[in-house]
Every structure is written in C-alpha cells, then in structure tokens.
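Here's the letter readout for the chains.
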Amino acid sequence: FFFSSRRRHTRQRSVSWARRCVQETALGLSSKANITLIDCFESFVREEQLDQDNMWYCKHCKKDVQAIKKMDIFRLPKVLIIHLKRFKSKIIKMVRTYLTQGKLDDFIDYPIKNLDLTKYVKLNDSNEKYVYDLFAVSNHYGSLAGGHYTATCLNPVTKEWVECDDSHVDLTKPIAGKQGYVLFYTLRGNNPEQQIQLLNIT
C-alpha cells in the first residue's frame, strides 16, 4: 500500500473553510448518518487545508503557512489491511492546555465482497482491476478506558465465517457495525494459500 502526500501554499481559501474541511475529512465523518468505506477513501484523497494548529513551513515564503495537503494512492497490495480511526485525541488550549480522548463509534458500512478501489490507483497503466473481498475483521467493544477484542474470520477452506472470542469459536455471519476496527481484504483472484502465506499465519 503505497501513497504520497503533496502540499502547496495558497491564500485563496478561508480559515473557516479549512476548519470545516479538517472536520469532515477526519475518518469519523460524523456529519453523515450513513458512512461507507468508499466515503472514507473519498475523504482520504480529498484536498485538505491545514488549520492553524498544523502549519507547514514553506521554503519559498520562509514561514509557516496553512498549506493544502493532498494524499494519493499509487499502488495497492494483494492483501489490504484497513485500520479505521476508532480513537481520537484533541488538545484544547484555554487558560491551561487540556488533552481530551475518546472513542469514535461511527457506523462504517464496509462491503463483504466487491470493494472496488480501481479508480484510486494512480500508477495503473495496465488498467488492472483492484477489487477486494473481505476475509477478516478485528472488532473492538468498549471504550478508550477499557474494552475487548474479537475477530471475525472467513475459513478459506470451508468458506464459513467464524467469530473468535478468546477460547470460543462459533459460526457467524459477517456484519458491518460500530465495532469494526481493522479490516482485512484480499485481492480478487488471490487464492487462500497465498493469503495465509502473506499474513504469515500458521
């Protein structure tokens, strides 16, 4: 998974626009009721103007500026691991400086099959299709103060989904929800043996 970040200096956009942009491009996207994984990718590659707490030093202007940041994806792997932003921290500056932390419980609707990321890949001269299928999810229940992890996994041999909760393993169905934390996708056409070898699972 290879991506690049570009920054440029512009004076055409206001501070109020920048702050709104930063809030919307956080992976929580809390202003939208139904958030999809594609929404998250759209947010990831969208231009963002840095706010006053994240100034960038411009070597031409010789000063810190509110630059425009742009992220692009150039290559994607056979096994794609997507880490959703489920925890946040924020510095509040008043008379004293405070650090607030918490968990993001936004519902992220991620597809079980046919996650098509082809249009996001910049280096794709061969017009290769980047279509992924889900094969595992790491779930987090609870809060920042304490919680519990489980795993929902696809058996590559039986094609059955199982829920792994400590020593308990039960058949289940993959369902997107607020507990999804880390998503594991395999490129369409990648066989189970390669999938296991790439993840070094025994």
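Quick note: structure is the one above.
(A) Spatial organisation of the packing of aromatic side chains. Tallied over the full model, the rule gives three aromatic pairs. Where F135 meets F184, the ring centres are 6.3 Å apart and the plane angle is 55°; that geometry is what we call tilted. In this pair, F135 sits in strand β12 (residues 131–142) while F184 sits in strand β16 (residues 180–187), placing the two residues 49 residues apart along the sequence. A relative accessible area of 6% means that F135 is categorised as buried.

(B) Layout of the nonpolar core. Ranked by internal contacts, the top residues of the largest apolar core, which has 25 residues, are L37, I82, Y132, L183 and Y185. Secondary structure elements with two or more residues in this core: α2 (37–45), β7 (79–83), β12 and β16. The contact partners of I82, leaving out residues within four places of it in the chain, are L37, F41, L115, Y181, V182, L183 and Y185. Core analysis: the next-biggest nonpolar cluster, separate from the first, contains six residues, F135, Y181, V182 and F184 among them.

(C) A look at the pattern of salt bridges. One pass over the structure, following the stated rule, counts five salt bridges. One salt bridge in this structure joins K119 and E42, with 3.0 Å as the shortest N-O distance. Of this pair, K119 sits in the loop between β11 (115–116) and β12 while E42 sits in helix α2, and the two are 77 residues apart along the sequence. With a relative accessible area of 64%, K119 lands in the exposed category. A single network of salt bridges, built from pairs that share partners, joins K70, D72 and K122.

(D) Highlighting the environment of Y181. Of note, Y181 is situated in strand β16. Residue classification places Y181 among the buried positions, given a relative accessible area of 13%. C-alpha of Y181 to C-alpha of Y141: the two residues are 40 residues apart in sequence and 9.4 Å apart in space. Look past the residues within four positions of Y181 in its chain and what remains in contact with it is I82, H83, L84, R86, F87, S138, N139, H140 and Y149. Among the polar contacts made by the side chain of Y181, one reaches the side chain of H83 at a distance of 3.3 Å.

Analysis parameters
- Residues numbered from 1 in each chain as written.
- Predicted model: local features only at pLDDT ≥ 70, side-chain atom pairs only at ≥ 80, totals over all residues.
- Heavy atoms only, no water.
- Phe/Tyr/Trp six-rings, centres within 6.5 Å; stacked < 30°, edge-to-face > 60°.
- Helix = DSSP H or I, 4+ residues; strand = E, 2+ residues; numbered from the N terminus.
- Buried < 20%, exposed > 50% of the residue type's maximum accessible area, 1.4 Å probe, protein only.
- Core = buried A, V, L, I, M, F, W, Y, C linked by side-chain atoms within 4.5 Å.
- Contact = heavy atoms within 4.5 Å.
- Salt bridge = Lys/Arg side-chain N within 4 Å of Asp/Glu carboxyl O.
- Polar contact = N/O pair within 3.5 Å; in protein donor to acceptor, adjacent residues only side chain to side chain.

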